[in-house]
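Chains, contacts and geometry: an overview
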Amino acid sequence: GGGRGGGFTVTTPLYYANASPHMGSAYPSIAADALARYARLQEPAGSVHFVTGTDEHGEKIAESAARAGVATAAHVAAVSSEFRSLWEKLDVRFDHYVRTSADAKHQSLVREVVGRVQERGDIYKAAYTGKYCVGCEEFKQENDLEEGGVCPIHRTPCEERSEENYFFRLSKYQEDLEELLANNPDFVRPEARRQEVLGWLKDGARDFSISRASVEWGIPIPGDDSQTVYVWFDALLGYISALLAEGEGLEEACERGWPAKVHIVGKDILRFHCVYWPAMLMSAGLPLPGGVYGHGFLTKDGLKMGKSLGNVLDPVELVDTFGADRIRYFFLKEIDFGSDGDFSEVRFIDTVNADLANDVGNCLNRTLNLLKKNCGGLLPIDSSAIVVDHPVRAAAETAVRTYPRAMDVLDFNMACTSAL
Ligand code: MSP
């Protein structure tokens, strides 16, 4: 919901700094930006926090830097600045930008949280063997995989890994998580995604390893330099560290905009946000976010558009050709936020012409012409002259009522339609 008063924090995922952004990675940021702008119309100045940034640690990143033949730190810095310049081009106005491998405040927050979770008795060491997908940076269950142990998202076989790691006692939070979902029907939206999360919980929340012995590119585990913090445990905390100033830590989080009202995430990273993340926060004694919205994928020929499959649409090219506003409008209006959607240039051009040029553009143009002709170019502000039951007035009133209702439930399609 809208959450009027008390501030409003919205996040995009922290994008992997392994390769240039594509349209699929721009999509959540366009949505979050629309929501942040809407919140800024209602909240006191300075109390809206739009958080974004780059997720820069882990195996996948280190591998991509090695392939590019560049030092990892230089590689992630370059990719991160590509993301930043895309946001500028797309007119995405974030308030906080975190870089997980470069911001000292982030690294100290991660160490602080590992310490707290440890004090809670929620970390233990154990040996583990499992199937790992580097693309997902995740150990998979056999039943999540396709034939031959292939990851359904990345279409590559998972690798068998055996390691001695530090584990987080996720299982201890099983009941708390079930209660969280039962008491807050809006914690996971839309409803179909909530069902998915309920299904995972039903299968049982299994402890997961939060360290890697084989990955050097990461934050060392406090008290054991031979292991680094698992990239997901590290990155999720970026949502909080992004809000902090250098030198601040958990103590200050709640004065700086934590908890977030809503995390906007793709459906591929739902489990991390709806199961792992709330449990990590519970363990660390931190307030939970208001909710998680899991959107669909931009697809090409039915497959997720992505760097791994190489079937991407370049947002920089699109903006250079068509301009940011048209791109932003198309993706908000034409793709149902909870579902997958295909981009086609024909549909894009048709939508933009019909809605923006013909409907909105013509209406504005005719109004201005009439003003010029009949009112000497000045807007008459005599409200008694406005007919009470005029259809234009009724349309405007309906729009004003419908728009916020749509935005409150992240129905960007309805919000756009209501303004037409
Ligand atoms: N680094 C993690 C997120 C950590 S959040 C603490 C990650 N990064 S990502 O770059 O791979 O993806 C970032 C977001 O972009 C995800 O929400 C993902 O779903 C989204 N998208 C990537 N490709 C997409 C499409 N083709 N369509 C829509 N969104 C997709 O995951």
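Sequence positions are assigned chain by chain, starting from 1 and proceeding in written order. Side-chain atom pairs in this predicted model are given and counted only at pLDDT of 80 or more, local residue features only at pLDDT of at least 70, and totals for whole chains, interfaces and linings cover all residues. Excluded from the side-chain calculations are hydrogens and water; all other atoms, namely the structure's heavy atoms, are used.

Turning our attention to the overall build of the protein. A helix here means a DSSP run of H or I that spans at least four residues, while a strand means a run of E at least two residues long, and both kinds are numbered starting from the N terminus. Counting its secondary structure elements, the protein contains 15 helices and 17 strands. Across its three principal axes, the protein shows a C-alpha extent of roughly 80 × 40 × 40 Å. Only heavy atoms enter the contact rule, under which two residues are in contact if any of them lie within 4.5 Å. Of the contacts formed within the protein by residues at least 6 apart in sequence, a portion of 75% connects residues at least 24 apart.

Turning our eyes to something else, we now look at the environment of A419. With respect to the helices and strands, the residue A419 is situated in the segment after α15 (412-418). When the C-alpha positions of A419 and K172 are compared, they lie 48 Å apart, and in sequence the two are 247 residues distant.

Turning to the nonpolar core, a few remarks are in order. We define a nonpolar core as any set of buried Ala, Val, Leu, Ile, Met, Phe, Trp, Tyr and Cys residues linked to one another through side-chain atoms lying within 4.5 Å. Three exposure classes are used, based on accessible area relative to the maximum for each residue type with a 1.4 Å probe and protein chains only: buried under 20%, partly exposed in between, and exposed over 50%. Counting 113 residues, the largest nonpolar core has M23 and F233 as the members making the most contacts within it. The next biggest cluster of nonpolar side chains, apart from the first, holds five residues, and it includes C136, L145, C151 and C158.

Once that is clear, we can look at the pattern of salt bridges. Salt bridge criterion: a side-chain nitrogen from Lys or Arg within 4 Å of a carboxyl oxygen from Asp or Glu. The full count for this structure, using the stated rule, is 25 salt bridges. The residue R37 makes a salt bridge to D91 at a minimum N-O spacing of 3.5 Å. A residue pair is termed long-range when its members are at least 10 positions apart, and R37 in helix α1 (residues 23-40) and D91 in the loop between α3 (72-89) and β4 (96-99) qualify at 54 residues. Salt-bridge contacts for E146 lead to R155; the nearest nitrogen and oxygen are separated by 3.7 Å. In this structure E146 comes out as partly exposed when scored by relative accessible area, which is 35%.

So, on to helix α14 (residues 391-408). Here a helix's expected span is defined as the number of its residues, less one, multiplied by 1.5 Å. Here α14 is 18 residues long and its end C-alpha atoms lie 26 Å apart, about the 26 Å a rise of 1.5 Å per residue gives. Of the positions making up α14, those classed as buried are A399, T402, A406, M407 and D408. In this structure, the buried residues of α14 make contact with α1, β8 (188-189) and α15. Immediately beyond the C-terminal end of α14, within one or two residues, lies L410, with a positive phi of roughly 55°.

These results come straight from atomic positions and should not be treated as a statement about function.
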